[in-house]
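Okay, here's what each chain looks like letter by letter:
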Amino acid sequence: MGNQTFAIIKPDAVKNKDTGLILDRVLKAGFHIVAGKLLHMSLQQAEGFYEIHKGKPFYDELITFMSSGQCMVLALEKENAVEEWRNTIGSTNPDEAAEGTIRKDFATNVGLNAVHGSDSDENAQKEIAFFFSDGELRVN
Ligand code: IDP
Ligand code: MG
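First things first, this report covers the structure right here in the doc. Being a predicted model, the structure only gives us computed values, none of them experimental.

The rules we used
Residues numbered from 1 in each chain as written. Chains lettered and ligands numbered in written order. Predicted model: local features only at pLDDT ≥ 70, side-chain atom pairs only at ≥ 80, totals over all residues. Heavy atoms only, no water. Near = heavy atom within 4 Å. Polar contact = N/O pair within 3.5 Å; in protein donor to acceptor, adjacent residues only side chain to side chain. Areas by Shrake-Rupley, 256 points an atom, 1.4 Å probe, with all protein chains shown as cover. 1 Å grid on protein atoms, 1.4 Å probe; cavity = no way out; pocket = protein on both sides within 12 Å on 5 of 7 lines; lining within 4 Å. Sits in = over half its atoms within 2 Å of the grid points. Nonpolar A, V, L, I, M, F, W, Y, C, P; charged D, E, K, R; others polar. Pairing = 2+ DSSP bridges. Helix = DSSP H or I, 4+ residues; strand = E, 2+ residues; numbered from the N terminus. Axes fitted to C-alpha atoms, helices over the stretch in contact; angles between N-to-C directions. Contact = heavy atoms within 4.5 Å. Buried < 20%, exposed > 50% of the residue type's maximum accessible area, 1.4 Å probe, protein only. Salt bridge = Lys/Arg side-chain N within 4 Å of Asp/Glu carboxyl O.

**So, the site of ligand 1**
Surrounding ligand 1, one finds Lys10, His53, Phe58, Glu61, Leu62, Arg86, Thr92, Arg103, Val110, Gly111 and Asn113. Lys10 has a polar side-chain atom sitting 2.9 Å from an oxygen atom of ligand 1. The side chain of Arg86 places a nitrogen or oxygen atom 2.8 Å from an oxygen atom of ligand 1. If ligand 1 stood free it would expose 520 Å²; the protein chains cover 77% of that surface. With respect to the pocket detection grid, ligand 1 is positioned in the largest pocket. Among the residues forming the shell around ligand 1, the class breakdown is three nonpolar, four polar and four charged.

Given below as structure tokens:
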């Protein structure tokens, strides 16, 4: 099991001014923030990031949403980071998310669901590399 994962505070949460509260959840859950930045994804970046979902019925809505405003991308570190972060954010659909999870508390619906979390160690490393350069990931 790896010790890094990739997270996004999505445009809905940034617009709702929940960035600070969600970062607090990140830290209180015991994650170290290796790297983080605010950015506004282009449509092309969103297409590239979510290529795995191409062809699914929600794909166009997803890439339009993810490029609709600023988001915060984060490289997070903790033992068993991928699973720990998925547990911290809860189910994709907030109606199904457990009490106390980020999606339960901040998501609007299955599309506008406040945060992203990698689904495997392999994808975590790919996603971190998609947004961060080696220099941004250097930890002293
Ligand atoms: P995940 O973010 O929990 O890993 P995925 O199935 O990987 O969920 O879907 C990626 C993203 O696509 C979701 O977080 C959500 O924003 C969006 N999405 C997933 N399913 C639906 C849907 O049925 N309708 C609209 N958007 C969806
Ligand atoms: Mg996913």
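**Structural notes on the sheet that holds strand β3 (residues 70-77)**
One open sheet accounts for four strands, arranged β2-β3-β1-β4; its pairing is antiparallel. If you trace the sheet from one side to the other, it starts and ends with β2 (32-40) and β4 (115-117), each paired once. For this sheet the average axis-to-axis angle between neighbouring strands, irrespective of direction, equals 20 degrees. Two elements, strand β1 (residues 4-9) and β4, share three bridges in a ladder whose sense is antiparallel. Opposite Ala7, over in β4, you have Gly117 as the bridge partner. Its contacts with the sheet place helix α2 (residues 19-28) against β1, β2, β3 and β4, and it is angled at close to 10 degrees to β3.

**Some remarks on unusual backbone geometry**
Despite not being glycine, Lys17 shows a phi value in the positive range, around 60 degrees. Relative to the helices and strands, Lys17 is located in the loop between α1 (11-15) and α2. A relative accessible area of 72% places Lys17 in the exposed class. Look at Asn80: it is not a glycine, yet its phi comes out positive at around 55 degrees.

**Things to note about the pattern of salt bridges**
For the structure on display, the rule yields six salt bridges. Note that Asp24 and Lys28 form a salt bridge whose closest N and O atoms lie 3.0 Å from each other. With a gap of four residues between them, Asp24 and Lys28 both fall in helix α2, about one helical turn apart.

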